[in-house]
Amino acid sequence: MEFALTAEHDLIREMAYKFGQLEVLPGLAERDREARSDRTMLDKMAEKGILGIGIPEKYQGSGTDYISLGIACEELERADTSARVVMSVHSGLHSLTILQWGTEEQKQRWLPALAKGDRVGGFGLTEPNAGSDAINIRTRARKDGDSYVLNGEKTWISLADYADQFLVIALLENPAEEGKSHVAFIVDRNTPGFHSQAIHGKLGVRAGNTGQIFFEEMRVSATDRLGDDGDGFKVAMSALDHGRYTVASGAVGIITACLDACNKYCHERKVGGEEIGRKQLVQQMIANMVAGRDIGRLLYYQVGWMKNVGMRHTRECSMAKWQNCANAFKAANDAVEIHGAYGYCDEFPVERYFRNSRGAMIYEGTHEIHTIVQAEYELGYRKDRPLKVTLPPFE
Ligand SMILES: Cc1cc2nc3c(=O)[nH]c(=O)nc-3n(C[C@H](O)[C@H](O)[C@H](O)COP(=O)(O)OP(=O)(O)OC[C@H]3O[C@@H](n4cnc5c(N)ncnc54)[C@H](O)[C@@H]3O)c2cc1C
């Protein structure tokens, strides 16, 4: 087994770290306080080629592997969750799912613009009455000649106001076969019948855009359908295999950010004339963060490697997402503790890590759902069947 990262991985880490420091962090505290997202961040990410990481050169992507995508997410979230969310949605949930499920014509049509960041992709699965039980969505797709007409709404959609196109999962009104009712489309926001609306008052990811998207008699061509009629739920689950990978790797970035802040504070802050870093209960919290970071990297590197070689990785990805997000939240909670009262205000970044890390235990499968998934695999209640189409291995 080969554990070494390549020189290219190191370069990606350095580039994403610098991007976070130079482009994401300046002004972030204000944007987060004012709950103001910055659309220009997407353009800056595009300029650096970040939005093409993990997409083959054939489709004008960077040609770097899937581990590179994880590393970029880790370093972006070390700066702020809002930057990593862009990767989760645009690259993970949207672009990689097109790479996996698209026909060659669809890949040629959509991927180059997405990889260059000329267009931004979003993902619409969740609805007001269907989150964890996403199979029970109500958005309808009515077949009409060579097109479909969509009616419904999606909520808690990242980049709702910014994405140019969305991967949307709907229910066929008259499925040809019972149980084959879900269908997936790439829909363009400039289609009549589409509109979006921001969600305000979020606990975290306040510098990121989240909202609702609505479809009213919105016509979508059959050529914009991803997979066949009846494949929609499989498409959604594939998308989550990609999105969860980016969330799992990003969570490690939060732990690293907690360590960055606590390492500094432990040496600066003295209690009774002694640096708080000398206190053993503080050391316990630091040690837990180090374990979370190092184990978290192993978990997501493994998933990245499985993606690279074309192996199914649903169980491993769920494990990485479940554990890394829980460890990131714990690290952020401990980081607040280590900073005492100063951790309780926005003079230090740890309160932001605390709020941001909470969200990742909800989206892309709640903490409880992943707990159940892991138990079900172990007990034999859940088994993965071969995928209809697989993500192309990294060549
Ligand atoms: C910041 C943010 C960004 C998001 N971005 C997107 C996006 O881009 N696209 C998108 O489609 N969605 C997005 N979501 C939605 C997210 O995926 C859902 O919120 C998530 O799947 C949970 O669904 P829910 O909120 O409806 O909670 P519910 O499913 O209603 O769950 C409520 C509670 O019940 C528990 N629960 C539910 N079912 C079970 C069960 N079977 N066993 C035990 N406990 C259970 C849950 O764990 C949770 O504690 C986003 C959410 C957030 C917060």
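Since we're looking at a predicted model, the values are computed, not measured. (Residues numbered from 1 in each chain as written. Predicted model: local features only at pLDDT ≥ 70, side-chain atom pairs only at ≥ 80, totals over all residues. Heavy atoms only, no water.)

Caption draft 1: Spotlight on the site of the ligand. Around the ligand, 16 residues are found, and the nearest of them are Thr 126, Ser 132, Trp 156, Thr 366 and Glu 368. The separation between an oxygen atom of the ligand and a polar side-chain atom of Ser 132 is 2.6 Å. Expressed as a share of its isolated accessible area of 970 Å², the protein-covered part of the ligand is 64%. Breaking the shell around the ligand down by element, the ones donating at least two residues are strand 1 (121–124), strand 3 (147–158) and helix 11 (367–379). Each residue belonging to the shell around the ligand can be placed in one class, and the counts come to 8 nonpolar, 6 polar and 2 charged. (Near = heavy atom within 4 Å. Polar contact = N/O pair within 3.5 Å; in protein donor to acceptor, adjacent residues only side chain to side chain. Areas by Shrake-Rupley, 256 points an atom, 1.4 Å probe, with all protein chains shown as cover. Helix = DSSP H or I, 4+ residues; strand = E, 2+ residues; numbered from the N terminus. Nonpolar A, V, L, I, M, F, W, Y, C, P; charged D, E, K, R; others polar.)

Caption draft 2: Broad picture of the pattern of salt bridges. As enumerated under the stated definition, the model contains 34 salt bridges in all. With a shortest N-O distance of 2.6 Å, Glu 75 and Arg 13 are connected by a salt bridge. With Glu 75 in helix 4 (residues 66–79) and Arg 13 in helix 1 (residues 7–24), this pair connects stretches of sequence that are 62 residues apart. Overall, Glu 75 belongs to the buried group, its relative accessible area being 2%. As a salt-bridge pair, Glu 127 and Lys 154 come within 2.8 Å of each other at their nearest N and O atoms. Of this pair, Glu 127 sits in the loop between strand 1 and strand 2 (140–144) while Lys 154 is found in strand 3, placing the two residues 27 residues apart along the sequence. (Salt bridge = Lys/Arg side-chain N within 4 Å of Asp/Glu carboxyl O. Buried < 20%, exposed > 50% of the residue type's maximum accessible area, 1.4 Å probe, protein only.)

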